[in-house]
Amino acid sequence: DDSTSSITLTERGDSVAVERHPDFRLFAAMNPATDAGKKDLPPSIRARFTELYVDEVLDPSELQVIVARYLGNCLGGAIDNAENSELVGNIVAFYLKSRDLAERVLVDGSGQKPRYTLRSLTRALLASKQFVE
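A. View of the packing of helix α2 (residues 60-71) against helix α3 (residues 82-104). Relative orientation of the contacting elements α2 and α3 amounts to 120°, with a least axis distance of 9 Å. Here α2 is positioned oblique relative to α3, judged by the angle of their axes. Viewed along their axes, α2 and α3 form a crossing whose handedness is right-handed. Of α3, the residues touching α2 (which contributes P60, L63, Q64, V67, A68 and L71) are V88, G89, I91, V92, Y95 and L96. Class assignment of the residues belonging to the contact of α2 with α3 gives a composition of 10 nonpolar, two polar and no charged.

Structure (structure tokens):
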């Protein structure tokens, strides 16, 4: 925890400690444990980090930027032309409507509410892009 700490990599069979560089920093990112198969970090590990919560992106104009960037060249023209703007807007509207229905109405085969997140949106966009290209 201090600038003089070290670590011994016993998994590699090392017996000599590796000194930590004074400028060493560790950054980590983790999604909340809300999806199937994810677990919260143990408190002893979690306490060693500073947590910053980043809210889900739901603003349509921000989502339009994300969608347009992910689809990129497969839009076949300028991202901001009328036809592409309408397509991107329709994708965003579909995504937001799906999220709304998932909260209120939809359930999967096991009776669980589906979760539509920025991750599922971007994965769907990447898959769509692969089909088109």
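What follows continues from the structure just given.
B. Broad picture of α3. Under the 1.5 Å per step criterion, the end-to-end length of α3 is 33 Å for 23 residues, consistent within 8% with the ideal 33 Å. The complete set of buried residues in α3 reads N84, V88, G89, V92, Y95, S98 and A102. Contacts made by the buried residues of α3 are with α2 and α4 (118-132).

C. Focus on the pattern of salt bridges. Under the defined criterion, the tally for this structure stands at three salt bridges. E51 is paired through a salt bridge with R46; the nearest N and O atoms lie 2.4 Å apart. The salt bridge partner of R99 is E56, with a shortest N-O separation of 3.9 Å. Of this pair, R99 sits in helix α3 while E56 sits in the loop between α1 (43-46) and α2, and the two are 43 residues apart along the sequence.

D. Layout of the side chain of T117. Inspection of the secondary structure assignment puts T117 in the loop between α3 and α4. Overall, the relative accessible area of 14% leaves T117 in the buried class. With near-sequence residues (within four places) excluded, T117 lies in contact with E56, Y95 and R99.

E. Representation of the layout of surface pockets. Approximately 1900 Å³ is the volume found for the largest pocket. Lining the largest pocket are 44 residues, and of these A28, A29, M30, N31 and L52 lie nearest its centre. Every element with two or more residues in the lining of the largest pocket is listed here: β1 (6-7), β2 (18-19), α1, α3 and α4. The residue inventory of the lining of the largest pocket, partitioned by class, reads 20 nonpolar, seven polar and 17 charged. Counted as a void, the second largest pocket has a volume near 170 Å³. As for the second largest pocket, its lining consists of I91, F94, Y95, S98, Y116, S120, L121, A124, L125 and S128. Put simply, the parts of the chain that give the lining of the second largest pocket at least two residues each are α3 and α4.

Definitions and cut-offs
- Residues numbered from 1 in each chain as written.
- Predicted model: local features only at pLDDT ≥ 70, side-chain atom pairs only at ≥ 80, totals over all residues.
- Heavy atoms only, no water.
- Axes fitted to C-alpha atoms, helices over the stretch in contact; angles between N-to-C directions.
- Helix = DSSP H or I, 4+ residues; strand = E, 2+ residues; numbered from the N terminus.
- Parallel < 35°, antiparallel > 145°, perpendicular 65-115°, else oblique.
- Left-handed = near helix turned anticlockwise from the far one by under 90°.
- Contact = heavy atoms within 4.5 Å.
- Nonpolar A, V, L, I, M, F, W, Y, C, P; charged D, E, K, R; others polar.
- Expected span 1.5 Å × (residues − 1).
- Buried < 20%, exposed > 50% of the residue type's maximum accessible area, 1.4 Å probe, protein only.
- Salt bridge = Lys/Arg side-chain N within 4 Å of Asp/Glu carboxyl O.
- 1 Å grid on protein atoms, 1.4 Å probe; cavity = no way out; pocket = protein on both sides within 12 Å on 5 of 7 lines; lining within 4 Å.
- Points joined across faces, edges and corners; volume = space filled by probe spheres on them.

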